[in-house]
Amino acid sequence: MAETNTHTKNDNSAVKRIWTVFVILSIVTIVEVVLGIFRPDFLVHTDFVYLSLLNWIFILLTIYKAYYIVWAFMHMEHETKGLRRAIIWTSGFLIIYLVFIFLTEGNYIYEVMKNGFVAWDF
Amino acid sequence: METAVAKTGTESKTWGGGPKSPLKVSYGKLMMWVFLASDSLTFSGFLASYGLIRFKFSDEWPIADEVFNHFPFLHGVDAPMYYVALMTFILIFSSVTMVLAVDAGHKMQKGKVTTYLFLTIIGGLIFLGSQAWEWKNFINGTYGAVKTKGGNIVQFVDTQGERLAIADVAQALPGQRVHQKPSEAIWYSFDERDIPTYSLEEVKKGFMANEDILVRIQTLDDRGQKVILSRDKSISLIENQAAGVVEGANLTENEYGPPLFADFFFFITGFHGFHVSIGVMLNIIIFFNVLIGTYEKRGSYEMVEKVGLYWHFVDLVWVFVFTFFYLV
């Protein structure tokens, strides 16, 4: 599989990259935890498309971390464009669609429980 | 008879059917990627349904900071999230050692691969132990709560809004049920569920006797805090609607809130923990293969790379579980 190991040529840069990514992931995690503990009021109470700003920040930071794990740790950045798209686009599309329909449905159930005429707490 | 196979004249092109793999990746690695893509759909199925239930109960979901606030050796100290953050670091760090092992494998450095793989296994085991501890705290519970007839959970607080445990509220009554030991009885069977430490009657009595105890319901106010009822409303709720005492968590009820909260916690972190333990086992297998020189003889450490892909995936999933269970 020598032809796939394009990054073996420059030995130390690969190791350096690993540690850089580790530092990035650690910093992002620390930021998440700090935000999670203090929960700044204006972030919690500003809503943007069904979610608070704070939750959007958490989700974006998570995707940012996921990007680094897949690209650097799983070496996706060294794979061919075809493999990248076969894996990322396929699962990405399916997951986004799944999350969209599930959350829409969940919100609908919430509205029915809240505004419907059937008592469910008795 | 090589003429039996028609030549298309496109063999030299990437997708022309020639001998070269278009994706420039070995069969094993490609299949690992395909497996991980399908596995990620399983996890997103879990997390998306968790999201659905979360949206359904968006007015009354438990506050994660209150549920997961234990830290080893800090008994009774409110330490929201520190422990999960530590677990996240352990898993990310074991990912780092794994990718270092893969990198050493590319350079055919057997010694380094051995060391890094060993560290990865240790990291995985620490993570599994931490998760077991987290489950133990979750199952045992801290404060206990009362379940209403409608299936809602209500908790006790003092006038400052500090949580009170069932043990602080209840007053012992004579003649309550006791646990019998096998040695004391001729015929012995287990209850379907354990008897709570305090019966509902004892909790009610203690609650009525102390003016300073209020009831906190699951509904969240617009500041994201649980609503605390006035003393009068608390009394009428406990008098008319209390149905039982809940301590800790299982699949049918839990002291934190809707039963589905515990169900999803058990299923999602359990399924993830299952993946971690499979990963640790795979790591141990290839660790011994490295030791006896299997990959050295084969001339390639690609197996370490394939198992590494799986291990990073486990880390990847945890990043999402961490966000959606503990942060959002």
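A. The confidence of the model for chain B, seen in detail. Residues and elements named next belong to chain B. Overall, the prediction assigns chain B a mean pLDDT of 89, with 93% of residues at 70 or greater. By mean pLDDT, helix 2 (residues 64-67) is the weakest element of chain B at 88, and helix 8 (residues 259-291) is the strongest at 96. The complex prediction reports pTM at 0.89, with the ipTM value standing at 0.89.

B. Region of interest: the pairing of strand 6 (residues 242-246) of chain B. Residue and element names in this part refer to chain B. For strand 6, the buried fraction is high: 4 of the 5 residues fall into the buried class. Summarising the sheet, strand 1 (residues 145-148) and strand 6 pair through 4 bridges and their orientation is antiparallel. Within the sheet, the bridge partner assigned to Thr148 lies in strand 6 and is Ala242.

C. Summary view of the nonpolar core. All names here are of chain B. Counting 88 residues, the largest nonpolar core has Phe138, Val304, Trp318, Phe325 and Tyr326 as the members making the most contacts within it. A total of 16 residues in this core trace back to one element, the largest contributor, which is helix 10 (residues 302-327). Judged by nonpolar contacts, the second largest core, of 18 residues, contains Val154, Phe207, Ile213 and Val245.

D. The arrangement of the pattern of salt bridges in detail. Taken as a whole and assessed by the stated rule, the structure comprises 9 salt bridges over all chains. For the salt bridge of B:Lys29 with B:Glu305, the shortest nitrogen-to-oxygen distance reads 2.7 Å. Here B:Lys29, found in helix 1 (residues 27-56), pairs with B:Glu305, found in helix 10; they are 276 residues apart in sequence, far enough to count as distant. Looking at B:Glu305, the relative accessible area reads 7%, which means it is buried. Here B:Lys147 makes a salt bridge to B:Glu253, at a shortest N to O gap of 2.9 Å. Taken as a pair, B:Lys147 in strand 1 and B:Glu253 in the loop between strand 6 and helix 8 lie far apart in primary sequence, 106 residues in all. Looking at B:Lys147, the relative accessible area reads 25%, which means it is partly exposed. If you follow the salt bridges from partner to partner, you end up with A:Glu79, B:Lys29 and B:Glu305 in one network.

E. Molecular detail of the interface of chain A and chain B. Across the contact, 58 residues belong to chain A and 62 residues belong to chain B. Taken together, both faces of the contact between chain A and chain B bury some 5,300 Å²; the carbon and sulfur share is 75%. Considering only the side of chain A, the residues that lose the most area to chain B are A:Phe73, A:Met74 and A:Tyr110, jointly responsible for 11% of the buried surface there. Where chain A meets chain B, there are 1 salt bridge.

Analysis parameters
- Residues numbered from 1 in each chain as written.
- Chains lettered and ligands numbered in written order.
- Predicted model: local features only at pLDDT ≥ 70, side-chain atom pairs only at ≥ 80, totals over all residues.
- Heavy atoms only, no water.
- pLDDT = per-residue confidence, 0-100.
- Helix = DSSP H or I, 4+ residues; strand = E, 2+ residues; numbered from the N terminus.
- Buried < 20%, exposed > 50% of the residue type's maximum accessible area, 1.4 Å probe, protein only.
- Pairing = 2+ DSSP bridges.
- Core = buried A, V, L, I, M, F, W, Y, C linked by side-chain atoms within 4.5 Å.
- Salt bridge = Lys/Arg side-chain N within 4 Å of Asp/Glu carboxyl O.
- Contact = heavy atoms within 4.5 Å.
- Buried area = accessible area lost by both parts, 1.4 Å probe.

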